[in-house]
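Overview (structure and organization)
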Amino acid sequence: MRKLFILMILVISTAQLSAQSDKKLIRKGNKDYENAAYQQAEKNYSKALETNPTSNNAAFNLGTTRYVQENYEEAAKDFNKAASMSINSDIEAEALYNLGNSLMSLEKYQESIETYKQVLRSQPENENARYNLAYAQYKLKEQQNQQQDQNQDQQQDQNQEQQQDQQEQQNQDQQEQEQDQQQDKQQNQQQADADQQQQQGQKPQPQQLTKEDAERMLQALQNNEKKTFDKVNEQKVISGARINKEKDW
């Protein structure tokens, strides 16, 4: 990209200048700029602009000094101020050209295009402005394509993320369903076991004898045996009476 920066060197006026006049400060700034002491030059141009806020030269040179220091944001403000204050169309066009370059460096391509068009309306023969205009249009198209690709990538990422969320939700639902089924199965088994235990509990259980009952039953058995024994003995006596005796002849 071609760049053309014009540092405005003031012609010394024959009028008497004060020690702290804006023109003296601009001359100091010009000397610093030529010596590549850009920070000092910026200070002197800033002081000159403070001394005379309407100084087109101070604003223009301040913008140029800030541009070479890559402070494009502030440089753009200075060039815009210089262009708006200038009463000379050529100087205004030069300030606008540098403004366009500042906007280009900030990747504000649409704004730089409009600025270069202003320059060409005032200076149709300005080939540098024409070249930079074409370059800015190319960069704008490239920027728009990149933004479109980025939007597509973002949309694709969002779609993938949504699909992943849906899949995770489906997996979670399936897992919860399986857990519910397992829980229902366990509850049914527990209920079946409880019913079976209840049914078993209703069956007649062998009666447990107490000690007293056992003693009574034993006593009853003994009594029965005694009666039986006595009856047998009694039968024997009766039977013995029936034995035939020899007749006493």
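Scroll up to find the structure.
A brief look at the structure comes next. Predicted, not measured: the structure shown is a model, and the values here were computed from it.

A look at helix α3 (residues 56-68)
The end-to-end C-alpha distance of α3 is 19 Å, a good match for the 18 Å that 13 residues give at a rise of 1.5 Å each. Burial runs high along α3: 12 of the 13 residues are buried. Listed in full, the buried residues belonging to α3 are Asn56, Asn57, Ala58, Ala59, Phe60, Asn61, Leu62, Gly63, Thr64, Thr65, Arg66 and Tyr67. Downstream of α3 by one or two residues, glutamate 70 has phi in the positive range, about 65 degrees.

As for the side chain of asparagine 44
Inspection of the secondary structure assignment puts asparagine 44 in helix α2 (residues 38-51). Among the residues examined, asparagine 44 registers a relative accessible area of 6% and is labelled buried. In terms of polar contacts, asparagine 44 uses its side chain to reach the side chain of aspartate 32, at 2.7 Å.

Some remarks on helix α1 (residues 22-34)
Within an α-helix, residues lying three or four positions from one another point in the same direction, as the helix has 3.6 residues per turn. Along its 13 residues, α1 runs 18 Å from first to last C-alpha, staying within 8% of the 18 Å computed at 1.5 Å per residue. Buried within α1 are the following residues: Asp22, Leu25, Ile26, Gly29, Asn30, Asp32 and Tyr33. For α1, the arc enclosing every buried residue in end-on projection is 165 degrees, short of the 170-degree limit, so these residues lie on one face. Seen from the buried face of α1, the exposed residues on the opposite side, beyond 90 degrees, are Lys31 and Glu34. In this structure, the buried side of α1 is in contact with α2 and α3. Downstream of α1 by one or two residues, alanine 36 has phi in the positive range, about 65 degrees.

Thoughts on the packing of α1 against α3
The contact between α1 and α3 brings their axes to 11 Å, and the two run at 25 degrees. In terms of orientation, α1 and α3 fall into the roughly parallel class. In this structure, α1 crosses over α3, and the sense of that crossing is left-handed. For the pair α1 and α3, the contacting residues are Ile26, Asn30 and Tyr33 in the first and Asn57, Ala58, Asn61, Thr64, Thr65 and Val68 in the second. Of the residues belonging to the contact of α1 with α3, the class tally is four nonpolar, five polar and no charged.

Side note on the pattern of salt bridges
For side chains of opposite charge, pairing can occur when their charged atoms come near one another. Taken as a whole, this structure holds seven salt bridges when the rule is applied. In this structure, arginine 66 engages glutamate 42 in a salt bridge whose closest nitrogen and oxygen atoms are separated by 3.1 Å. Taken together, the positions of arginine 66 in helix α3 and glutamate 42 in helix α2 put the pair 24 residues apart, joining distant regions of the chain. By the burial criterion, arginine 66 is buried, and glutamate 42 matches it. With its nearest N and O atoms 4.0 Å apart, the salt bridge here joins glutamate 74 to arginine 66. For glutamate 74, a relative accessible area of 28% gives the class partly exposed.

Topic: the nonpolar core
Judged by nonpolar contacts, the single largest core of 34 residues is most densely connected at Tyr45, Leu99, Tyr116 and Val119. Leave out the neighbours within four places in its chain, and leucine 99 touches Ala76, Phe79, Asn80 and Thr115.

The rules behind each value
Residues numbered from 1 in each chain as written. Predicted model: local features only at pLDDT ≥ 70, side-chain atom pairs only at ≥ 80, totals over all residues. Heavy atoms only, no water. Helix = DSSP H or I, 4+ residues; strand = E, 2+ residues; numbered from the N terminus. Expected span 1.5 Å × (residues − 1). Buried < 20%, exposed > 50% of the residue type's maximum accessible area, 1.4 Å probe, protein only. Polar contact = N/O pair within 3.5 Å; in protein donor to acceptor, adjacent residues only side chain to side chain. Arc of directions from axis to C-beta. Contact = heavy atoms within 4.5 Å. Axes fitted to C-alpha atoms, helices over the stretch in contact; angles between N-to-C directions. Parallel < 35°, antiparallel > 145°, perpendicular 65-115°, else oblique. Left-handed = near helix turned anticlockwise from the far one by under 90°. Nonpolar A, V, L, I, M, F, W, Y, C, P; charged D, E, K, R; others polar. Salt bridge = Lys/Arg side-chain N within 4 Å of Asp/Glu carboxyl O. Core = buried A, V, L, I, M, F, W, Y, C linked by side-chain atoms within 4.5 Å.

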